Structures are given as structure tokens and as C-alpha cells.
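# What the coordinates show
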Amino acid sequence: GDSVTQMEGPVTLSEEAFLTINCTYTATGYPSLFWYVQYPGEGLQLLLKATKADDKGSNKGFEATYRKETTSFHLEKGSVQVSDSAVYFCALSDPTTDSWGKLQFGAGTQVVVTP
Amino acid sequence: DAGITQSPRHKVTETGTPVTLRCHQTENHRYMYWYRQDPGHGLRLIHYSYGVKDTDKGEVSDGYSVSRSKTEDFLLTLESATSSQTSVYFCAISESPGKPNQPQHFGDGTRLSIL
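Residues numbered from 1 in each chain as written. Chains lettered and ligands numbered in written order. Predicted model: local features only at pLDDT ≥ 70, side-chain atom pairs only at ≥ 80, totals over all residues. Heavy atoms only, no water.

## Looking at the sheet that holds strand S9 (residues 75-77) of chain A
The pairing of strands in a sheet comes from backbone hydrogen bonds and takes either a parallel or an antiparallel form. Residue and element names in this part refer to chain A. Taken together, 4 strands build an open sheet; the order of strands is S3-S9-S8-S7 and the sheet is antiparallel. The open sheet has two edge strands with one neighbour each: strand S3 (19-21) and strand S7 (56-59). Within this sheet the neighbouring strands show an average axis-to-axis angle of 15°, counted without direction. Of the strand pairs in this sheet, S3 and S9 are connected by 3 bridges, and their pairing is antiparallel. Counterpart to Ile21 in the pairing with S9 is Leu75. (Pairing = 2+ DSSP bridges. Helix = DSSP H or I, 4+ residues; strand = E, 2+ residues; numbered from the N terminus. Axes fitted to C-alpha atoms, helices over the stretch in contact; angles between N-to-C directions.)

## Focus on the side chain of Ser93 of chain A
Tracing the backbone shows Ser93 of chain A in strand S10 (residues 86-93). When neighbours within four sequence positions are excluded, Ser93 of chain A is seen to be in contact with Pro31, Ser32, Phe34, Gly101, Lys102 and Leu103 of chain A. (Contact = heavy atoms within 4.5 Å.)

## Description of the packing of aromatic side chains
Describing an aromatic ring pair means giving the distance of the ring centres and the angle of the ring planes. Following the criterion strictly, the structure yields 14 aromatic pairs over all chains and no others. Judged by centre distance (6.3 Å) and plane angle (45°), the rings of Tyr48 of chain B and Tyr50 of chain B are tilted. Where Tyr64 of chain B meets Tyr89 of chain B, the ring centres are 5.9 Å apart and the plane angle is 65°; that geometry is what we call edge-to-face. You can see Tyr64 of chain B sitting in strand S7 (residues 64-70) and its partner Tyr89 of chain B sitting in strand S9 (residues 87-94), a full 25 residues away along the chain. Across the pair, Tyr89 of chain B and Tyr64 of chain B agree in class, each one buried. Through a chain of ring-to-ring contacts, the aromatic side chains of Phe34, Tyr36, Phe89 and Phe105 of chain A together with Tyr33, Tyr35, Tyr48, Tyr50 and Phe106 of chain B assemble into a single cluster. (Phe/Tyr/Trp six-rings, centres within 6.5 Å; stacked < 30°, edge-to-face > 60°. Buried < 20%, exposed > 50% of the residue type's maximum accessible area, 1.4 Å probe, protein only.)

## Some details on the pairing of strand S11 (residues 110-114) of chain B
Remark: a regular strand shows side chains that alternate across the two faces of the sheet. Residues and elements named next belong to chain B. Here S11 shows a clear split, with Thr110, Leu112 and Ile114 buried on one side and none of Arg111 and Ser113 buried on the other. Note: strand S2 (residues 10-13) against S11, 4 bridges, orientation parallel. Bridge pairing links Thr13 to Ile114 in S11. Both S9 and S11 contribute to a ladder of 3 bridges, which runs antiparallel. Pairing of Tyr89 across the sheet is with Thr110, part of S11.

## Regarding the pairing of strand S8 (residues 62-65) of chain A
Residues and elements named next belong to chain A. Examined bridge by bridge, S7 and S8 share 4 bridges and lie antiparallel to one another. Residue pairing in the sheet places Ser58 in a bridge with Glu63 of S8. In this structure, the hairpin formed by S7 and S8 is closed by a connection of 2 residues, where Lys60 is found at a positive phi of approximately 55°. Two strands pair when backbone bridges link them, and S8 and S9 are joined in this way by 3 bridges, in the antiparallel orientation. Each residue of the ladder has a partner; that of Phe62, found in S9, is Lys77.

## Some words on the state of the cysteines
Residues and elements named next belong to chain A. A full pass over the atoms with the stated rule returns 2 disulfides over all chains. Two residues, Cys23 and Cys90, share a disulfide whose sulfurs are 1.9 Å apart. Residues Cys23 and Cys90 share a disulfide whose torsion about the S-S bond is about -70°; that sign makes it left-handed. With Cys23 in strand S4 (residues 23-26) and Cys90 in strand S10, this pair connects stretches of sequence that are 67 residues apart. (Disulfide = S-S within 2.5 Å.)

## Remarks on the pattern of salt bridges
Going through the model one piece at a time under the given rule, you end up with 7 salt bridges over all chains. With a shortest N-O distance of 3.3 Å, Asp55 of chain A and Lys52 of chain A are connected by a salt bridge. Here the salt bridges do not stand alone but share partners, grouping Arg22, Lys70 and Asp73 of chain B into one network. (Salt bridge = Lys/Arg side-chain N within 4 Å of Asp/Glu carboxyl O.)

## What about the environment of Ser72 of chain A?
Residues and elements named next belong to chain A. Structurally, the position occupied by Ser72 is in the loop between S8 and S9. Looking at Ser72, the relative accessible area reads 5%, which means it is buried. Along the chain, Ser72 and Leu92 lie 20 residues apart, while their C-alpha atoms are 11 Å from each other. Non-local contacts of Ser72, meaning those with residues more than four positions away in its chain, are made with Cys23, Thr24, Tyr25, Leu33, Thr65, Tyr66 and Arg67. One polar contact links Ser72 to Thr70, side chain to side chain, over a distance of 2.8 Å. (Polar contact = N/O pair within 3.5 Å; in protein donor to acceptor, adjacent residues only side chain to side chain.)

## Description of the sheet that holds strand S1 (residues 4-7) of chain B
All names here are of chain B. Taken together, the 4 strands give an open sheet; going across it, the order is S1-S3-S8-S7, and neighbouring strands pair in antiparallel fashion. The open sheet has two edge strands with one neighbour each: S1 and S7. Averaged over all pairs of adjacent strands, the angle between strand axes in this sheet comes to 15°, irrespective of strand direction. Direction of pairing for strand S3 (residues 19-25) relative to strand S8 (residues 73-78): antiparallel, over a ladder of 6 bridges. Note that in S8 the partner of His24 across the bridge is Asp73.

Limitation: the analysis is restricted to geometry and does not speak to function.
Shown next, in the form of C-alpha cells:
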């Protein structure tokens, strides 16, 4: 079945550092890919998405490019802030094999940004 | 923010007792989902609903049942709670899950502890 693998955390960075969180996937069809963010005590919020190969999703300074050849969707931000401290989840849904929009999540990566 | 309310937000109960969690939405979305979040596993789908009285099992449905008698309410029941069901439970909604421009929106979660 479909699956998502993302790098283990926690990732600890200093403010203004460059952030990369790796995400790779396996899927039988043609999935859409998502990054969700979870701030402490809150639910998940959609950060960005990409629906086909070579699409780049971007939001709040974060970017991720859908790479079909490497089955990857790595999240990047050029200069992190303390307010970016959160747990980040990579996820996929595959409308070609599932009509109900079920999401498959990675395990999540905690990011801690220090001043 | 999507109008999703989960109740209760926190609950502590004992093994063997029944527990019902409620998800209430004001968006009139057709699709609703229950996930559980556990360290190292990300979020895993328990059950989902694609309409009133239409529900189906997800990846980790054993020990859980659901009901949806109205569009706005999706109930998750643990018939006889076990310690392995200690988790954070999230409800999500979607208008049209096959369309990536309409991704899932999440509630703030219910933290359930079973002693």
C-alpha cells in the first residue's frame, strides 16, 4: 500500500538557519502530496500542497517540489524563525486509487528553533 | 479557520468504560474522518464517513465504532476502552476529497487517557 517516510526528529536549529525536512513516498497511483504543520496544543494546518510531478508548493516561506523520479517531497525554508517551531507532517492522498480522500501520514518531524 | 469543534478536549477514564468523542462541523462538508495520533506513527485513520449514515473502516478501526446521524456530527465510540487507546484523536472534514484544492481541515484534537 501507499506509505510516507520522513526524517526523524527533533531537528534543532538556530534562528535564521536553513531548514530541510526529507520526505519520500511510495504509491501505486498518482498521489497528491501535502505538508501539514502542528503547533503545540493545536490541530493540523495545511502548509502547502502539490498535485503533480514538478509542481512546487509554497507558503509562509516554505517550499516543496514534487519529484516523481526520486519519489520525494522535501520541505525547505531559507531562514527559520522561533515561531516555526512545530511538528511537520508529510502526507499523501491518491485519488486514482481511493475516492474518499484518505490521507497517509508520515511519522512527523519536530522542529525546534532557538533564538 | 474551518468550523470544527471536538468535545471533550481532554478526558481521563478507566479501562473497560465506554467513551464517546464528538466532532461537530459548521461547514456542511460531506466527508468526515477520525484519526489517532501516536508518537512514531503520525496520524492513522480510524473511520471515515462519506455521508449521513455512510461510514467505513480505516487503517486502525478495531475497538472503535462511529455514527453519523446528521451531516454536522460524527461520533467516535470506544465500546470498552483499553490502555492502548490512550492517544490524541483528531477529526477532519473535507468538501470534495478527490480535489486537492479542497484538502482536509482538522479540529484541535481530544486528548484521551485511559488508566
